[in-house]
Amino acid sequence: METPLVANLARITARLPQGVCLLAVSKGQGQKAVEEAIALGVKRFAENRVQEAEAKFTPALKEQNGLELHLIGPLQSNKAKAAVQLFDVIHTVDRASLVTALAAAMAATGRRPRLLVQVNIGREAQKAGVLPEGLAGLLAQCEVAGLTIEGLMCIPPAGQDPVPYFTQLAGLAREHGLAELSMGMSADYEQAIAAGATYIRVGTALFGGRG
Ligand SMILES: *Cc1c(COP(=O)(O)O)cnc(C)c1O
């Protein structure tokens, strides 16, 4: 039987330009959905919690299928080591204390996940991310700590036109010479691609609702 995932994946990937990576956001989805996506050839998954990701993506599953795992949720410093061990890319570096914790975790584990800085592009009190005016300082701290930052990530405010926020994030990345832009979710990934996204993070448009 053709499940919605088959059709959703085909529809999204058919229109994906060169250089844009689709991240399958599997948070809130069960093991079966993950395994179905793997069977369909999906290699890049994103989760927003360390513990949920650890439970779903065992080292064996990752290795056997050549998976790349992305962390897209806020990271507590006390979980930095677990995150460094599990994830291949961390999109949510956003403060000096986390930079210190990640540098220590990398030294301790010998693993070096790729890193992006999350920017609180809408200046929302409830959202994680460094404020735009704090970005230069945080990038300088990363450099001192020996962490290479590849790009920027954002989640624009809900219920507003995301395009000005995507454009602003792209401008900040250009200003700092950063190549990767993680922006765009189910509702707005096409606009994010038009604004220069290199990673789109798609959950419900791929898997359907979260359980
Ligand atoms: C949940 C989540 C997504 C995916 O959201 P959908 O609307 O289901 O596509 C993308 N990015 C982040 C940071 C998320 O937490």
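Our subject is the structure that appears above.
Here is what the cut-offs are and how they apply
- Residues numbered from 1 in each chain as written.
- Predicted model: local features only at pLDDT ≥ 70, side-chain atom pairs only at ≥ 80, totals over all residues.
- Heavy atoms only, no water.
- Near = heavy atom within 4 Å.
- Polar contact = N/O pair within 3.5 Å; in protein donor to acceptor, adjacent residues only side chain to side chain.
- Areas by Shrake-Rupley, 256 points an atom, 1.4 Å probe, with all protein chains shown as cover.
- Nonpolar A, V, L, I, M, F, W, Y, C, P; charged D, E, K, R; others polar.
- Helix = DSSP H or I, 4+ residues; strand = E, 2+ residues; numbered from the N terminus.
- Buried < 20%, exposed > 50% of the residue type's maximum accessible area, 1.4 Å probe, protein only.
- Contact = heavy atoms within 4.5 Å.
- Core = buried A, V, L, I, M, F, W, Y, C linked by side-chain atoms within 4.5 Å.
- Arc of directions from axis to C-beta.
- Pairing = 2+ DSSP bridges.
- Right-handed = clockwise from strand over helix to strand, strands pointing away.
- Axes fitted to C-alpha atoms, helices over the stretch in contact; angles between N-to-C directions.
- Parallel < 35°, antiparallel > 145°, perpendicular 65-115°, else oblique.
- Left-handed = near helix turned anticlockwise from the far one by under 90°.
- Phe/Tyr/Trp six-rings, centres within 6.5 Å; stacked < 30°, edge-to-face > 60°.

**Q** Please give an account of the site of the ligand that cites residues and values.
**A** Lining the immediate surroundings of the ligand are Val 25, Lys 27, Ile 72, Met 153, Ile 155, Met 185, Ser 186, Arg 201, Val 202, Gly 203, Thr 204 and Arg 210. In this structure, an oxygen atom belonging to the ligand sits 2.8 Å away from a main-chain N or O atom of Gly 203. Taken by itself the ligand offers 390 Å² of open surface, and the protein chains cover 90% of this. Broken down by class, the residue content of the shell around the ligand amounts to six nonpolar, three polar and three charged.

**Q** Now, about the side chain of Asn 8: what can you tell me, with residues and values included?
**A** Note on placement: Asn 8 falls in helix α1 (residues 4-14). Residue Asn 8 is classed as buried on the basis of its relative accessible area of 14%. Within the local environment of Asn 8, its side chain forms a polar contact with the backbone oxygen of Ala 205, the two atoms lying 3.3 Å apart. Leave out the neighbours within four places in its chain, and Asn 8 touches Ala 205 and Leu 206.

**Q** Mind laying out the nonpolar core, listing which residues take part and the relevant values?
**A** One finds Phe 45, Phe 87, Ile 90, Leu 102, Val 117, Val 119 and Leu 152 to be the most contacted residues of the largest nonpolar core, which totals 65 residues. Broken down by element, this core gets its largest block of residues, seven residues, from helix α6 (residues 96-109). Ignoring any residue separated from it by four or fewer positions in sequence, one finds Leu 152 in contact with Leu 116, Val 117, Val 119, Leu 135, Leu 169, Leu 172, Ala 173, Leu 178, Glu 180, Leu 181 and Ser 182. Core analysis: the next-biggest nonpolar cluster, separate from the first, contains nine residues, Cys 21, Leu 23, Ala 46 and Ile 72 among them.

**Q** Describe in detail helix α7 (residues 135-145), supporting the description with residues and values.
**A** Every buried residue of α7 is accounted for by Leu 135, Leu 138, Leu 139 and Cys 142. Buried positions in α7, seen along its axis, are confined to an arc of 100° and lie on one side of it. Away from the buried face of α7 by more than 90 degrees, exposed residues Glu 143 and Val 144 are located. Elements that come into contact with the buried residues of α7 comprise β4 (89-93), α6, β5 (114-118), β6 (149-153) and α8 (163-175).

**Q** Let's hear about the pairing of β4: which residues, and what values?
**A** Most of β4 is tucked away, with five of its five residues classed as buried. Pairing analysis gives two bridges linking strand β3 (residues 68-71) to β4, with the strands arranged parallel. By the bridge assignment for β4, His 70 is matched with Val 89. One crossover worth recording links β3 to the parallel β4 by way of helix α5 (residues 80-86), and it is right-handed. Relative to β5, β4 runs parallel, the two being bridged by three bridges. The partner of Val 93 across the bridge, within β5, is Val 117. With respect to chirality, the unit in which β4 leads through α6 into the neighbouring parallel β5 is right-handed.

**Q** Can you explain the packing of α6 against α7? Please cite residues and give values.
**A** As a packed pair, α6 and α7 sit with axes 10 Å apart at the nearest point and diverge in direction by 20°. Between α6 and α7, the interaxial angle falls into the category roughly parallel. Our pair here, α6 against α7, has a crossing hand that is right-handed. Where α6 abuts α7, its residues Ala 96, Val 99 and Ala 103 lie against Leu 138, Gln 141, Cys 142 and Ala 145. The residue inventory of the contact of α6 with α7, partitioned by class, reads six nonpolar, one polar and no charged.

**Q** Can you explain the packing of aromatic side chains? Please cite residues and give values.
**A** Using the criterion set out here, one finds one aromatic pair in the structure. Between Phe 45 and Phe 57 the ring centres are 5.2 Å apart and the planes differ by 50°, which places this aromatic pair in the tilted class. Within this pair, whereas Phe 45 is found in strand β2 (residues 44-47), its partner Phe 57 is found in the loop between α3 (50-56) and α4 (59-65), the two being separated by twelve residues in sequence. As far as burial versus exposure is concerned, Phe 45 and Phe 57 are alike and both buried.

The analysis is restricted to geometry; functional conclusions fall outside its scope.
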